[in-house]
Amino acid sequence: MMKIMDKLRHDESGSAITEFALTLPIFLTMIFGIFEIGYYFYLSTAIENAVLSASRFGITGGVLDDAIDRETQVRDIVLSQTFGSLDPSALEVETRVFEQFSDIGEEPEPFVDDNGNGQYDAGEPFTDENGNGQYDDNLGEAGLGGSGDIVLYRIVYRGASLSGIGDLLADGYTITATVAVRNEPFPVSDEEEDSSST
Ligand SMILES: [Ca+2]
Ligand SMILES: [Ca+2]
């Protein structure tokens, strides 16, 4: 009996295969996980840098290419600063103009939509969250603003994960990056001059 036990104890070839079969999925999950986390941080950092580059372009009021409007140029900067790693169809670039930094809010003040048109109208009850006595939608106006305006740049990227495994678990990545800047005092652009003179 002792001899059999000894033999079993020393025969480790089978147990090594079993251990390998059991640990392989864990090992692969870890490897994929490390790649996915690395990719996520790479994308996050690239998108953070891209929104900064885009805002630096926007601040000057400059134009890189007369044939392309500035909104498209901002988007192109984001895509080029992320080195082609973003799926353009999954990228949202939003720019909104505010009068003051303190006007920037995440959500519109809550209101009761009495007439059911989906937006606030004068006279409808609202919660004055910032206590300024008036309704604020906190969303600013779309655009890149004029000289001296406050502009909020917001990027939302809903991309696929590197291996596809992340998509099964979490529907891919959602990465957001925002930056608010004040435009430099710049002369009115040709585009605005054209539109005002015609
Ligand atoms: Ca309404
Ligand atoms: Ca208010």
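Residues numbered from 1 in each chain as written. Chains lettered and ligands numbered in written order. Predicted model: local features only at pLDDT ≥ 70, side-chain atom pairs only at ≥ 80, totals over all residues.

Peptide bonds are, in most cases, trans, and in most cases residues other than glycine have a negative phi. Here Phe-83, not a glycine, exhibits a phi torsion of approximately 55 degrees, which is positive. Summarising the element assignment, Phe-83 is placed in the loop between helix 3 (70–81) and strand 1 (91–98). (Helix = DSSP H or I, 4+ residues; strand = E, 2+ residues; numbered from the N terminus.)

Take the pairing of strand 1 next. Of the strand pairs in this sheet, strand 1 and strand 3 (residues 150–159) are connected by eight bridges, and their pairing is antiparallel. Looking at the pairing, Glu-94 lines up with Arg-154 of strand 3. (Pairing = 2+ DSSP bridges.)

Turning our attention to the nonpolar core. Core analysis: the largest hydrophobic core is formed by 17 residues, its most contacted members being Ile-47, Ala-50, Val-51, Ala-54, Val-74, Val-78 and Ile-155. For this core, the secondary structure elements donating two or more residues are helix 2 (13–60), helix 3, strand 1 and strand 3. Apart from the residues lying within four places of it in its own chain, the contact partners of Ala-54 are Val-74, Ile-77, Val-78 and Tyr-153. (Core = buried A, V, L, I, M, F, W, Y, C linked by C-beta atoms within 7 Å. Buried ≥ 20, exposed ≤ 12 C-beta atoms within 10 Å, placed from the backbone. Contact = placed C-beta atoms within 7 Å.)

As a further point, take the confidence of the model for the protein. On average, residues of the protein score 85 in pLDDT, and 86% of them reach the 70 mark or higher. Helix 5 (residues 190–197) is the least confidently modelled element of the protein, averaging 47 in pLDDT, while strand 3 averages 94, the highest of any element. Residue range residues 193–198 is modelled with pLDDT below 50. Its contacts to residues more than four positions away, or to other chains, number one contact. (pLDDT = per-residue confidence, 0-100.)

The sheet built from four strands is open, its strands ordered 2-1-3-4 with antiparallel pairing. Looking along the sheet, the strands with just one partner apiece sit at the ends: strand 2 (141–142) and strand 4 (173–182). The strands touched by helix 3 within the sheet are strand 1 and strand 3, with strand 1 carrying the most contacts at an inclination of about 135 degrees. (Axes fitted to C-alpha atoms, helices over the stretch in contact; angles between N-to-C directions.)

Take the environment of Asp-87 next. Within the fold, Asp-87 resides in the loop between helix 3 and strand 1. Among the residues examined, Asp-87 registers 13 C-beta atoms within 10 Å and is labelled partly exposed. Residues Asp-87 and Gly-159, spaced 72 residues apart in sequence, show a C-alpha to C-alpha distance of 6.8 Å.

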